[in-house]
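Coordinates in review
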Amino acid sequence: MIIDLLLLLLPVAAASGWYAAKRSIDANTHKDNDGFTRPYLVGLNYLLNEQPDKAVDVFIKMLEVDSEMVETHLALGTLFRRRGEADRAIRIHQNLIARPNLSKELRLQALLALGEDYLKAGVLDRAERVLLEFTEIASGEIAIIGLRHLLDIYQQEKRWDLAINIANKLLTHGEPYQRNIAHYYCELALQAKAQSQLEQTQRYLKRALEIEQNCTRASLLQGDIETASGRYKTALQAYQHAVQQDPDYLVEIIPAIVNCYERLLDEDELLRYLTTCLQQYPRTSLAIVIATYLQQKEGEAAAINFLTKHLQQRPSVRGLQKLINLQLNNAKEEIKNDHVILHDLTTKLLKNKPTYRCENCGFNSKVLHWLCPGCHSWGRIKPIQGPEGD
Ligand SMILES: [Zn+2]
């Protein structure tokens, strides 16, 4: 901290020395020719002695004397915030904003910095107020920073309609926030669904798909609404659309699809659908469901034969576990124990493995989060693919 501050204040000390010398030369107009350096030295001394509050007092007083030092104060405030001393940063930035003659550009910088101080301090309502004032007057690149902060606040507070409003403004700046907006509509849909407002729920989901046509989550929710109302054919359309939108989520969607076909008493069509789907997307979750149906309809040998062929092309631990399960049923007593050991081994292999991973930041999880807890991006956590995944 001290080193940082000294580095920051070195140019100030140099500048103030220059000013002092200049003032000494212009003795007629500036009588107090060393009055400029002394307060800084006093301030520095307080910092060196770990008395930052007294240092802040001195620097704030200096600002009243000399407006040339505004940018140094901005930097000093940022340094305090980065050090986790948001209260001191707030004092400095508040003091800057209170200055009536501040230029528009510096006022914007100070407002943004104060908003960031409040965010750091976790005082969201004050951060929101300052950032709203900032975004009213800011334009261009710097406005985008303020809008992103506001979006962060509304996401934390789950105020989805306000988040949509801000994300739409970001869109006008050319920022790609369509995916965010679609998920905000999904969140609103869930709220409406919880209050049994089904028509409103459907409207929100429609909006989600209008803004982001590949929003798998919206199609899944549409399927769930239709299923809950007993409209299984319409539900199937939504779920099958979700598969086309993003087959990486197959493992999430397949149980819902199976449920719909079973409710419609159309297992032959289900098997046809699953087989066609597997040709397009050779995922383990599909192969396991098909193997289960083959076992019921044609017996274990057919299921084992099918799954073995699939695993030869696309090995996976989950597929292997299912295969061992199938073989266990018909295994002779002398080799049954070997199968049990193998089954336990695959269970151990899978036990502590994450099932989902964020494709943006690599965050691992056992449950599906639509909003990544690691990088706060939407819809980037997906079921893991490959031998240890789907
Ligand atoms: Zn992430």
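Residues numbered from 1 in each chain as written. Predicted model: local features only at pLDDT ≥ 70, side-chain atom pairs only at ≥ 80, totals over all residues. Heavy atoms only, no water.

1. Brief notes about the overall build of the chain
Within the chain, the secondary structure is distributed over 19 helices and 3 strands. Buried residues in the chain amount to 45% of all 390 residues. The contacts in the chain between residues at least 6 apart in sequence include a share of 51% that link residues at least 24 apart. Counting only carbon and sulfur atoms, one obtains 50% of the accessible surface of the chain, whose full area is about 20600 Å². (Helix = DSSP H or I, 4+ residues; strand = E, 2+ residues; numbered from the N terminus. Buried < 20%, exposed > 50% of the residue type's maximum accessible area, 1.4 Å probe, protein only. Contact = heavy atoms within 4.5 Å. Areas by Shrake-Rupley, 256 points an atom, 1.4 Å probe, with all protein chains shown as cover.)

2. A look at the packing of aromatic side chains
For the coordinates displayed, the defined rule picks out 6 aromatic pairs. Here the aromatic rings of Trp 160 and Tyr 184 are separated by 5.7 Å at their centres, their planes lie at 25°, and the arrangement is stacked. Note that Trp 160 is positioned in helix α9 (residues 160-172) and Tyr 184 in helix α10 (residues 178-194), a separation of 24 residues in sequence. Grouping aromatic residues by their ring pairs yields a cluster made of Trp 160, Tyr 184 and Trp 378. (Phe/Tyr/Trp six-rings, centres within 6.5 Å; stacked < 30°, edge-to-face > 60°.)

3. Let's talk about the sheet that holds strand β3 (residues 381-383)
Reading across from one edge, β2-β1-β3 is the order of the 3 strands in this open sheet, with antiparallel pairing throughout. Edge strands, defined here as strands with exactly one partner in the open sheet, are β2 (364-365) and β3. Pairing between strand β1 (residues 356-358) and β3: 3 bridges, direction antiparallel. Of the residues in β3, the one forming a bridge with Arg 357 is Lys 382. (Pairing = 2+ DSSP bridges.)

4. A word on the coordination of the zinc ion
Taken together, Cys 358 (SG), Cys 361 (SG), Cys 372 (SG) and Cys 375 (SG) make up the protein donors of the zinc ion, found 2.3 Å from the metal. For the zinc ion, the 4 donor atoms in the first shell make angles of 103 to 112° at the metal, so the coordination geometry reads as tetrahedral. In the primary structure, the donors to the zinc ion are separated according to the pattern C-x2-C-x10-C-x2-C. Placement of the pair is Cys 361 in the loop between β1 and β2 and Cys 375 in the loop between β2 and β3, with a sequence separation of 14 residues. (Donors = N, O, S within 2.8 Å, 3.2 Å for Na, K, Ca; no water. Tetrahedral: all angles 85-135°; square planar, octahedral: opposite > 155°, others 65-115°.)

5. A word on the pattern of salt bridges
When the charged atoms of two side chains lie near each other, side chains of opposite charge can form a pair. Evaluation of the coordinates by the stated rule reveals 19 salt bridges. Between Glu 128 and Arg 159 there is a salt bridge, and its shortest N-O distance comes to 3.4 Å. Remark: Arg 159 occurs in the loop between α8 (141-156) and α9 and Glu 128 occurs in helix α7 (residues 124-137); sequence separation between them is 31 residues. Arg 159 gets classed as partly exposed once you look at its relative accessible area, which sits at 29%. When the shortest N-O distance is used, the salt bridge between Lys 382 and Glu 359 registers 3.8 Å. Taken together, the residues Lys 382 in strand β3 and Glu 359 in the loop between β1 and β2 connect sequence positions 23 residues apart. On the basis of relative accessible area, Lys 382 is assigned to the buried category, the value being 13%. (Salt bridge = Lys/Arg side-chain N within 4 Å of Asp/Glu carboxyl O.)

6. Observations regarding the confidence of the model for the chain
Overall, the prediction assigns the chain a mean pLDDT of 86, with 88% of residues at 70 or greater. Low confidence marks residues 12-36, where pLDDT is under 50. Its contacts with residues over four positions away, or in another chain, come to 17 contacts. (pLDDT = per-residue confidence, 0-100.)

7. Some words on α9
Look at α9: 19 Å from first C-alpha to last across 13 residues, which is about the 18 Å you get at 1.5 Å a residue. Turning to α9, its buried residues are Trp 160, Ala 163, Ile 164, Ile 166, Ala 167 and Leu 170. Buried residues along α9 sit in contact with α8 and α10. Gly 174 occupies a position one or two residues after α9 and carries a positive phi of about 85°. (Expected span 1.5 Å × (residues − 1).)

8. Regarding the packing of helix α17 (residues 300-313) against helix α18 (residues 317-330)
It is the contact of α17 with α18, at a shortest axis distance of 10 Å, that shows an interaxial angle of 155°. Judged by the inter-axis angle, α17 sits roughly antiparallel to α18. Once α17 is placed against α18, the crossing between them reads as left-handed. Between α17 and α18, the residues in contact are Glu 300, Ala 303, Ile 304, Leu 307, Thr 308 and Leu 311 and Gly 319, Leu 320, Lys 322, Leu 323, Leu 326, Gln 327, Asn 329 and Asn 330, respectively. (Axes fitted to C-alpha atoms, helices over the stretch in contact; angles between N-to-C directions. Parallel < 35°, antiparallel > 145°, perpendicular 65-115°, else oblique. Left-handed = near helix turned anticlockwise from the far one by under 90°.)

9. So, the environment of Leu 371
Note on placement: Leu 371 falls in the loop between β2 and β3. Considering only alpha carbons, one finds Leu 371 and His 183, 188 residues apart in sequence, at a separation of 8.7 Å. Discounting residues that sit within four places of it in the chain, Leu 371 has contacts with Gln 155, His 376, Ser 377 and Trp 378.

10. Examining a nonpolar patch on the surface
Together, Ile 341, Leu 342 and Leu 345 give the surface a local cluster of nonpolar side chains, amounting to about 270 Å² of exposed area. Tracing the backbone shows Leu 345 in helix α19 (residues 333-351). (Patch = residues over 30% accessible without salt bridge, like charges linked within 9 Å, V, L, I, M, F, W, Y side chains within 5 Å.)

11. Here we look at helix α6 (residues 104-121)
Between its terminal C-alpha atoms α6 stretches 26 Å, which fits the 26 Å expected from 18 residues at 1.5 Å a residue. Every buried residue of α6 is accounted for by Leu 106, Leu 108, Ala 110, Leu 111, Leu 112, Ala 113, Leu 114, Gly 115, Asp 117, Tyr 118 and Leu 119. In this fold, the buried residues of α6 make contact with α4 (70-82), α5 (86-97), α7 and α8. Where α6 terminates, the next one or two residues include Gly 122, which has phi positive at roughly 75°.

12. Here's the deal with the side chain of Lys 322
Among the secondary structure elements, Lys 322 is positioned in helix α18. Although buried, Lys 322 forms no salt bridge, and the nearest oppositely charged side chain, Glu 300, lies 8.6 Å from it. Setting aside its immediate chain neighbours within four residues, Lys 322 contacts Ile 288, Ala 291, Thr 292, Gln 295 and Leu 307. (Lys, Arg positive; Asp, Glu negative; His and termini not counted.)

13. Quick look at the packing of helix α15 (residues 267-280) against helix α16 (residues 284-298)
Remark: α15 packs on α16, axes separated minimally by 10 Å, with the N-to-C direction vectors making an angle of 145°. The way α15 lies across α16 gives a crossing that is left-handed. Touching Glu 267, Asp 268, Leu 270, Leu 271, Leu 274, Thr 275, Cys 277 and Leu 278 of α15 are Leu 286, Ala 287, Val 289, Ile 290, Tyr 293 and Lys 297, all from α16. Here the contact of α15 with α16 is composed, by residue class, of 10 nonpolar, 1 polar and 3 charged. (Nonpolar A, V, L, I, M, F, W, Y, C, P; charged D, E, K, R; others polar.)

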